[in-house]
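Descriptive analysis of the structure
For reference, the chains in residue letters:
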Amino acid sequence: DAETALSDAIENEDDLKTAIVFAREYIKDLKIAPSQVQYLCEEAIRAGCQGHRAEIFASEVARASAALEGRQITSDDLRLAVKLAIAPRGTFINTPMDEDEMMPPPPPPPPPPQMDEQNDDKEDEEEKEEEEEEDEND
């Protein structure tokens, strides 16, 4: 019935208004931990964000999300903040590719040539010979 749906929507809207009023008061005392800020900064760097707006807005998103729930900031709030504030500002696209589209890993580098050790031995022998010749000449 349309009237029932309308009354439910109005009631839901009133609940949301009340939750927002409480959240506005609760957010004033809500602090984000330095480790949480560091996490947001690392995610912004990883995404290739320019400047500091992404992590500033992300910290505000995390605070607002926690305030709406009436609790301290959790990892869910931080993930939401990354999704809403950091990801759209990122310059790197980290979408998983299909196995077929992925490039194969590069081959391992070739082993170093063994000539260097032999050359070092020859140089040592030449130096010894030169020293012996100098000793004989003296």
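In case you missed it, the structure is sitting above this.
Calculation criteria
- Residues numbered from 1 in each chain as written.
- Predicted model: local features only at pLDDT ≥ 70, side-chain atom pairs only at ≥ 80, totals over all residues.
- Heavy atoms only, no water.
- Helix = DSSP H or I, 4+ residues; strand = E, 2+ residues; numbered from the N terminus.
- Polar contact = N/O pair within 3.5 Å; in protein donor to acceptor, adjacent residues only side chain to side chain.
- Buried < 20%, exposed > 50% of the residue type's maximum accessible area, 1.4 Å probe, protein only.
- Lys, Arg positive; Asp, Glu negative; His and termini not counted.
- Salt bridge = Lys/Arg side-chain N within 4 Å of Asp/Glu carboxyl O.
- Contact = heavy atoms within 4.5 Å.
- Patch = residues over 30% accessible without salt bridge, like charges linked within 9 Å, V, L, I, M, F, W, Y side chains within 5 Å.
- Areas by Shrake-Rupley, 256 points an atom, 1.4 Å probe, with all protein chains shown as cover.
- Charge placed at Lys NZ, Arg CZ, Asp CG, Glu CD.
- Axes fitted to C-alpha atoms, helices over the stretch in contact; angles between N-to-C directions.
- Parallel < 35°, antiparallel > 145°, perpendicular 65-115°, else oblique.
- Left-handed = near helix turned anticlockwise from the far one by under 90°.
- Nonpolar A, V, L, I, M, F, W, Y, C, P; charged D, E, K, R; others polar.

1. Examining the environment of Lys-28
With respect to the helices and strands, the residue Lys-28 is situated in the loop between helix 1 (2-26) and helix 2 (34-47). The sequence separation of Lys-28 and Ala-67 amounts to 39 residues, and the corresponding C-alpha distance is 9.1 Å. Separated by 3.4 Å, the side chains of Lys-28 and Glu-25 make a polar contact.

2. Topic: the side chain of Glu-55
Examined against the element boundaries, Glu-55 turns out to sit in helix 3 (residues 53-69). One buried charged side chain, Glu-55, makes no salt bridge at all; its nearest oppositely charged neighbour is Arg-89, positioned 8.5 Å away. Not counting residues within four places of it along the chain, the set of residues in contact with Glu-55 comprises Leu-40, Cys-41 and Ala-44.

3. A few points about a negative patch on the surface
Negative charge collects at one region of the surface, where Asp-8, Glu-11, Asp-14 and Asp-15 lie side by side. Its location among the elements puts Asp-15 in helix 1.

4. Some remarks on the packing of helix 1 against helix 3
In the contact formed by helix 1 and helix 3, the axes pass within 8 Å of each other and the chain directions differ by 120 degrees. By the angle between their axes, helix 1 is oblique relative to helix 3. In this structure, helix 1 meets helix 3 at a crossing whose hand is right-handed. Contacts from Ala-19, Ile-20, Ala-23 and Tyr-26 in helix 1 reach Ala-66, Ala-67 and Leu-68 in helix 3. Among the residues making up the contact of helix 1 with helix 3, the classes are represented as seven nonpolar, no polar and no charged.

5. Observations regarding the packing of helix 2 against helix 3
Relative to each other, helix 2 and helix 3 sit at 140 degrees, their axes nearing to 9 Å. As judged from the angle between their axes, helix 2 and helix 3 are oblique. Between helix 2 and helix 3 lies a crossing of right-handed hand. The residues of helix 3 that touch helix 2, namely those facing Leu-40, Cys-41 and Ala-44, are Ala-54, Glu-55, Ala-58 and Ser-59. When its residues are assigned to classes, the contact of helix 2 with helix 3 shows five nonpolar, one polar and one charged.

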